[in-house]
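Residue-level listing of the chains:
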Amino acid sequence: MSLTARSRPHGRRPPAAVAKDRVPREASKAGRAGKVPWRIRLRRDRTLILMTLPVIALLLLFNYVPLLGNVVAFQEYDPYVAGNGITAIFHSPWVGVEQFSRMLDDPLFWSATKNTVVLFVLQLVFFFPVPIALALVINSVIRPRVRAVAQAIMYLPHFFSWVLVVTVFQQILGGAGIIAQTLEKHGWSGFDLMTDADLFKFLVVGQAVWKDAGWGIIVFLAALSAVSTDLYEAAAMDGAGRWRRMWHVTLPALRPVIALLLVLRVGDALSVGFEQFLLQRYAVGAGASEVLDTYVWNMGIQNGAFSYAAAVGLVKGVIGVCLVLGANKVAHLLGEQGVYKK
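Residues numbered from 1 in each chain as written. Predicted model: local features only at pLDDT ≥ 70, side-chain atom pairs only at ≥ 80, totals over all residues. Heavy atoms only, no water.

(A) Main features of the overall build of the protein. If you tally the helices and strands in the protein, you get 20 helices and 0 strands. Sorting the 342 residues of the protein into buried and exposed places 31% on the buried side. Across the protein, contacts joining residues at least 24 apart in sequence account for 59% of those joining residues at least 6 apart. When the accessible surface of the protein is totalled, it reaches about 21,700 Å², and 67% of it is carbon and sulfur. (Helix = DSSP H or I, 4+ residues; strand = E, 2+ residues; numbered from the N terminus. Buried < 20%, exposed > 50% of the residue type's maximum accessible area, 1.4 Å probe, protein only. Contact = heavy atoms within 4.5 Å. Areas by Shrake-Rupley, 256 points an atom, 1.4 Å probe, with all protein chains shown as cover.)

Structural data, given as C-alpha cells:
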C-alpha cells in the first residue's frame, strides 16, 4: 500500500473528485429548491455554449447587423452622397413616414400583395398536406428497400436549382415541350402552360410541390419513427384496422410537428418565393408573377428606390412576425407547443 493511500482517511474522497462533482451537486440542490442560478448554468453548460458561439456570431453578422440598415426606410437614401454606402446613411435626409405613404398609394404594391396572398393560400391548401400524405404512404410500406428508394426519388428534386426546375417544366409543359409536340403529332392542338397567365399560380404551386415535398417527407418520417410499435399492436388487438390506426395513432403523433411547421409557414406567408417568379416573369408578365419579394427587388435594385424598397421590406417583416406570434398563440390554445412554450 502506498504512502498516499495509507495517509488518506477511510471513505474520504480526493479534492479533485469533490471539485468535479460540485457543480452537479449544486445544480441538483438548486433544481430542487427552484430556479437554477445563471452562474451554475454557465459552468454546467460551458461546453455547449462554446460550441454555439460560431453560430451566434454568424447570426449576428448576417441576420441582425443588417437590420440596422432598415433606418433608410425613413430617409431619402442616396448611396452616392458620400464615399460609400454606409456613411451615406448619415448624410441622407430624413423624410419620416413618406415612403410608407407612397407604398399605400401605389397600386402596384397592392397588386403584388394580392398575388402573394393568393399564392400563399394555394400553397397552404395544395402544398402543405402533400408531404404529410406521402409520409403516411411511405411509412405504410413494409419493405425497407422500397421505402428507401421511394424516399430518395422524392427527395432528389430538393437539390435542384430553380433554373433547372423551370427548365424541366418548360420541356414538359411548354409550347415546344414533350406533351404539346406529342399532341400535335396525333392531330390535336398543342398548348403552352408556361405562358398562360391565368394558370400561372397553379403552375408555380405544382413546381413547389415537385421540388420541396421530399424535404417535408423526411421531417414527418422522423416524427413517425419515434412512435412506439406497441401502440399499433395494442390498437390492432383492440380490432382497429389500418385506417383507424392511422387516425388514432399516427396522426396524433404528427400533430406537434404539423403545428410547428404550420406556424412557421404562416409566418412566412408573405415570402412565397423570389427566384422562381423572377425566372418566369417575362413569360407570363408582371401582372401574374409580381409578388412582394420581386416587387422589392424591382423597386430597389432595378429602379434605385432603395428607401422605398426598404419600407416595403420592413412592413413585410413586421407583418411576418405578427403572423408567427398569432399562429403560435392559436397553437397554444389548441394544446400544442408551437415554436416556443408558453
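(B) Geometry of the packing of helix α13 (residues 200-225) against helix α15 (residues 242-267). One way to put it is that α13 packs onto α15 with a least axis distance of 9 Å and a crossing angle of 140°. Considered as vectors, α13 and α15 are oriented oblique to each other. Relative to α15, α13 is oriented so that their crossing is right-handed. Across the interface between the two elements, V219, F220, A223 and L224 from α13 touch T250, L254, V257, I258 and L261 from α15. Tallied by class, the residues present in the contact of α13 with α15 amount to 8 nonpolar, 1 polar and no charged. (Axes fitted to C-alpha atoms, helices over the stretch in contact; angles between N-to-C directions. Parallel < 35°, antiparallel > 145°, perpendicular 65-115°, else oblique. Left-handed = near helix turned anticlockwise from the far one by under 90°. Nonpolar A, V, L, I, M, F, W, Y, C, P; charged D, E, K, R; others polar.)

(C) Molecular detail of the pattern of salt bridges. Applying the stated criterion across every chain, the model contains 5 salt bridges. Note that D212 and K211 form a salt bridge whose closest N and O atoms lie 3.7 Å from each other. Given the relative accessible area of 24%, D212 is considered partly exposed. In this structure, the salt-bridge partner of E290 is R281, at a minimum N-O distance of 2.7 Å. (Salt bridge = Lys/Arg side-chain N within 4 Å of Asp/Glu carboxyl O.)

(D) Spotlight on the packing of aromatic side chains. Tallying each qualifying case throughout the model produces 11 aromatic pairs. Ring centres of F200 and F277 lie 6.0 Å apart, and the angle between their planes is 70°; on these two criteria the pair is classed as edge-to-face. Remark: F277 occurs in helix α16 (residues 275-279) and F200 occurs in helix α13; sequence separation between them is 77 residues. Neither F200 nor F277 differs from the other in exposure class; each is buried. Ring centres of Y295 and Y308 lie 6.2 Å apart, and the angle between their planes is 80°; on these two criteria the pair is classed as edge-to-face. Here Y295, found in helix α19 (residues 292-302), pairs with Y308, found in helix α20 (residues 306-333); they are 13 residues apart in sequence, far enough to count as distant. Of the two residues, Y295 and Y308, neither departs from the other in class, the shared state being buried. An aromatic cluster is defined as three or more aromatic residues linked by ring pairs; in this entry it consists of F109, W110, Y295 and Y308. (Phe/Tyr/Trp six-rings, centres within 6.5 Å; stacked < 30°, edge-to-face > 60°.)

(E) Region of the structure containing the side chain of Q207. Among the secondary structure elements, Q207 is positioned in helix α13. Owing to a relative accessible area of 0%, Q207 belongs among the buried residues under this scheme. Among the polar contacts made by the side chain of Q207, one reaches the side chain of Q276 at a distance of 2.9 Å. Those residues in contact with Q207 that sit more than four places away from it in its chain are W162, V165, F169, M194, Q276 and Q280. (Polar contact = N/O pair within 3.5 Å; in protein donor to acceptor, adjacent residues only side chain to side chain.)

(F) Seen up close, the environment of E290. Here E290 lies in the loop between α18 (286-289) and α19. The contacts of E290, once residues within four sequence positions are left out, are S111, A112, N115, R281, Y295 and N298.

(G) Structural context of the nonpolar core. Judged by nonpolar contacts, the single largest core of 20 residues is most densely connected at L119, F169, F200, L203, V272 and F277. Breaking this core down by element, the ones donating at least two residues are α8 (107-127), α11 (162-173), α13, α15 and α20. Element by element, the count of residues in this core is highest for α11, at 5 residues. In this structure, V272 is in contact with T116, L119, F120, Q123, R265, F277, V291 and D293, ignoring residues within four places of it in sequence. Of all hydrophobic cores here, the second largest spans 17 residues; its members include V72, F109, L270 and Y308. (Core = buried A, V, L, I, M, F, W, Y, C linked by side-chain atoms within 4.5 Å.)

(H) Highlighting the side chain of N298. Among the structural elements, N298 can be located in helix α19. Classification of N298 by relative accessible area gives buried; the value is 13%. Leave out the neighbours within four places in its chain, and N298 touches R281, E290 and N303.

(I) Structural context of α11. Here α11 contains 12 residues, and its C-alpha end-to-end distance of 16 Å stays within 8% of the 16 Å for a straight helix at 1.5 Å per residue. Along α11, the residues that are buried comprise W162, V165, V166, F169 and L173. Down the axis of α11, the smallest arc covering the buried residues is 95°, so these residues share one side. (Expected span 1.5 Å × (residues − 1). Arc of directions from axis to C-beta.)

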